Amino acid sequence: MKMQQDLDNLKKKDKIFIKTFGCQMNEYDSNRIYDSVKKIGYEKTDNYQEANCYLLNTCHIRDKAKEKVYHEIGRVKKLFRFKKKPLVIVAGCVAQAENEEMLKREPYIDLVLGPQAYHKINDTILNFNEKKKKKEETEFDAVSKFQYLSKFQNKDGKVSSFLTIQEGCDKFCHFCVVPYTRGPEYSRPFKQILDEAKCLADNGAREIILLGQNVNAYNYEGYRLSDLITNIEKLSEIKRVRYTTSHPKDMTDDLIEVYKTSKKLMPLVHLPVQSGSNKILKLMNRKHTVEEYLNTFDRLKEINPRIQFSSDFIIAYPGEENQDFENTFNLIERVKFINSYSFIFSPRPGTVAENLHLIDKTISIERLEKIQHKLFENQIEINQSLENSIVDVLGENLTDDKMKVFGRTEYMTSVIFNGNKSDIGKIVKVRIKKSNRNSLFGEIVSNSNQKVA
Ligand code: SAM
Ligand code: SF4
Ligand code: F3S
């Protein structure tokens, strides 16, 4: 009875504000959390002022992640100092790592939910509203999470939509918290994913980005990532398929082969190598060598020379000497990555590398700057080479001033072009007029989806 009253009250007025940090999977999770809390009457708001539930979806990958969350909670406290306190929920990877500690340290927090406990969110909220009892839910239960979430249709409807197919990691790279915050590798049932892809396509998705911390380790009763790609691209509404993030060790033959046959798989392979030195890769427990990485690169290039690579790099990992750094530099010259992320090693609590001897800060920064300079040089050169040529762009949305269209090339490069609403969701031909490191600017030439008379 009381629960029903709560539900009726919630239906009238509850608004949730979700702030998301971290990777694409957190973005996907935030959308799914919203799909769930909608069922107990919450409406999403982009204006925290009117929210009575404030949810932080957190990331633990680098830096002072934990302190940043407490700082953020401090900010929320200030924002609401003249208002009724909202229900404050901390979700995501910091929630998982810190669990009940968060409730002890910061009484302003009401609920703490780890990434594999989102199936409990509605009950936890309703229970809190009834009994005001703070709670922490951080069990790894990926099966229940996805079974529960698949009951709510994913009607995300964005032109480019994320779809998590795999979660967690068994690789235990020595620097990384993910195996501790996302738990063991779990692959969602094949059919559950295909149903979700269909639903996304029916609701406006034209590109699907398959997600997983180790997306190419996907294995459900023998179905692999290559099977998902082959099946999803059969959906006529879907124009492009991508996947991220893959591990070099899981670039299996079937996945490489699918590049020969697939019509919609994009020619950009995001394959983090982390370092160009075998010594460092071994110290990192990466389970692959530079030669194996280059072998995958060469095989894919042979199948389709248009394929480009992007990567993540960790610079100044403990033990990295000048020669190791040079090797990373040389690898970048050899592969000519189209776009990459690079970070100075950040020791993470609970990982093997937590207490290793750090490389001097000045040297670390110098190395990072050198690497980034090289990576940016590549990016600028590639973008400049596209000036005056025509590229295929998937229109995603209007720019903020509504005067132009934002879209992406096959290689994920941002393009701003003169166009209108009708170009959204379509692949259009754009002549590139100008470029900078991150973006291309151009004019529409024709709409490649239009039938030629
Ligand atoms: N699973 C992916 C792989 O194996 O390459 C990476 C996932 S991780 C969420 C994203 C990136 O964060 C990593 O590729 C790595 O470059 C970076 N990263 C992870 N832990 C880090 C740390 N302790 N310090 C600096 N960068 C880190
Ligand atoms: Fe982290 Fe990726 Fe290594 Fe897993 S494979 S531990 S997610 S870097
Ligand atoms: Fe961050 Fe967790 Fe993603 S630590 S990068 S939100 S898996």
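Residues numbered from 1 in each chain as written. Chains lettered and ligands numbered in written order. Predicted model: local features only at pLDDT ≥ 70, side-chain atom pairs only at ≥ 80, totals over all residues. Heavy atoms only, no water.

S.K.: When you look at the sheet that holds strand E16 (residues 339-344) in this model, what are you seeing that I'm missing?
M.R.: Strand order across the open sheet formed by three strands is E14-E15-E16, with parallel pairing between neighbours. Whereas interior strands pair on both sides, the edge strands pair on one side only; in this sheet they are strand E14 (268-270) and E16. Averaged over neighbouring strand pairs, the angle between their axes works out to 15 degrees when direction is ignored. Packing against the sheet, helix H15 (residues 361-385) makes contact with strand E15 (308-315) and E16, and its axis sits at approximately 175 degrees to E16. (Pairing = 2+ DSSP bridges. Helix = DSSP H or I, 4+ residues; strand = E, 2+ residues; numbered from the N terminus. Axes fitted to C-alpha atoms, helices over the stretch in contact; angles between N-to-C directions. Contact = heavy atoms within 4.5 Å.)

S.K.: How should the site of ligand 1 be read in this particular structure?
M.R.: The environment of ligand 1 is formed by 16 residues, the closest being Gln-213, Gln-274, Arg-286, Asp-312 and Ser-346. Between a nitrogen atom of ligand 1 and a main-chain N or O atom of Gln-213, the distance comes to 2.7 Å. When isolated, ligand 1 has an accessible area of 560 Å², and the protein chains bury 89% of it. Elements with a minimum of two residues in the shell around ligand 1: E15 and E16. For the shell around ligand 1, the residue count by class is seven nonpolar, five polar and four charged. (Near = heavy atom within 4 Å. Polar contact = N/O pair within 3.5 Å; in protein donor to acceptor, adjacent residues only side chain to side chain. Areas by Shrake-Rupley, 256 points an atom, 1.4 Å probe, with all protein chains shown as cover. Nonpolar A, V, L, I, M, F, W, Y, C, P; charged D, E, K, R; others polar.)

S.K.: Got a minute to help me understand the site of ligand 2 in this structure?
M.R.: If you check the shell around ligand 2, you find Cys-169, Lys-171, Phe-172, Cys-173, Phe-175, Cys-176, Val-178, Pro-179, Asn-214, His-247 and Arg-286 and nothing else. The residue inventory of the shell around ligand 2, partitioned by class, reads seven nonpolar, two polar and two charged.

S.K.: For this particular structure, what's the right way to read the nonpolar core?
M.R.: One broad rule of soluble globular proteins: the nonpolar side chains tend to lie buried together. Core analysis: the biggest nonpolar cluster contains 61 residues, and Leu-210, Tyr-243 and Phe-309 have the highest contact counts within it. Once residues lying within four places of it in the same chain are set aside, the contact partners of Phe-309 are Leu-268, Val-269, Leu-271, Tyr-293, Phe-297, Leu-300, Val-335, Phe-337, Ile-338 and Asn-339. Core analysis: the second largest hydrophobic core is formed by 20 residues, Ile-40, Leu-55, Ala-117 and Phe-128 among them. (Core = buried A, V, L, I, M, F, W, Y, C linked by side-chain atoms within 4.5 Å. Buried < 20%, exposed > 50% of the residue type's maximum accessible area, 1.4 Å probe, protein only.)

S.K.: Would you explain the pairing of strand E18 (residues 405-408) in this entry?
M.R.: As a general feature of sheets, a regular strand has side chains that alternate between the two faces. Examined bridge by bridge, strand E17 (residues 390-398) and E18 share four bridges and lie antiparallel to one another. Note on E18: the bridge partner recorded for Asn-397 is Phe-406. Linking two consecutive strands that pair antiparallel, namely E17 and E18, is a turn of six residues; a positive phi of about 65 degrees is found at Lys-402 within it. Of the strand pairs in this sheet, E18 and strand E19 (residues 414-418) are connected by four bridges, and their pairing is antiparallel. Each bridged residue has a counterpart across the sheet, and for Gly-407 the counterpart in E19 is Val-415. What sits between the antiparallel neighbours E18 and E19 is a turn of five residues, in which Met-412 has the positive phi angle 75 degrees.

S.K.: Sorry, what's going on with the packing of aromatic side chains here?
M.R.: The description of an aromatic ring pair uses the distance of the two centres, along with the angle that the planes make with each other. Per the counting criterion, the structure on display carries 13 aromatic pairs. Note on Tyr-48 and Phe-80: the rings are 6.4 Å apart at their centroids and 65 degrees apart in plane angle, and the pair reads as edge-to-face. With Tyr-48 in the loop between strand E2 (43-44) and strand E3 (53-58) and Phe-80 in the loop between helix H3 (65-79) and strand E4 (87-92), this residue pair connects regions lying 32 residues apart in the sequence. Overall, the relative accessible area of 3% leaves Phe-80 in the buried class. Residues Tyr-317 and Phe-345 carry aromatic rings whose centres are separated by 5.1 Å and whose planes lie at 75 degrees to one another, so their mutual orientation is edge-to-face. Of the two residues, Tyr-317 sits in the loop between E15 and helix H14 (322-335) while Phe-345 sits in the loop between E16 and H15, which places them 28 residues apart along the sequence. By the burial criterion, Tyr-317 is buried, and Phe-345 matches it. Joined through ring pairs, the aromatic side chains of Phe-17, Tyr-48, Tyr-54 and Phe-80 make up one cluster. Sitting over the ring of Tyr-108, Lys-85 keeps its end group 4.6 Å from the ring centre. Taking NZ or CZ as reference, Arg-105 lies 3.7 Å from the ring centre of Tyr-70, over its face. (Phe/Tyr/Trp six-rings, centres within 6.5 Å; stacked < 30°, edge-to-face > 60°. Lys NZ or Arg CZ within 6 Å of the ring centre and 35° of its normal.)

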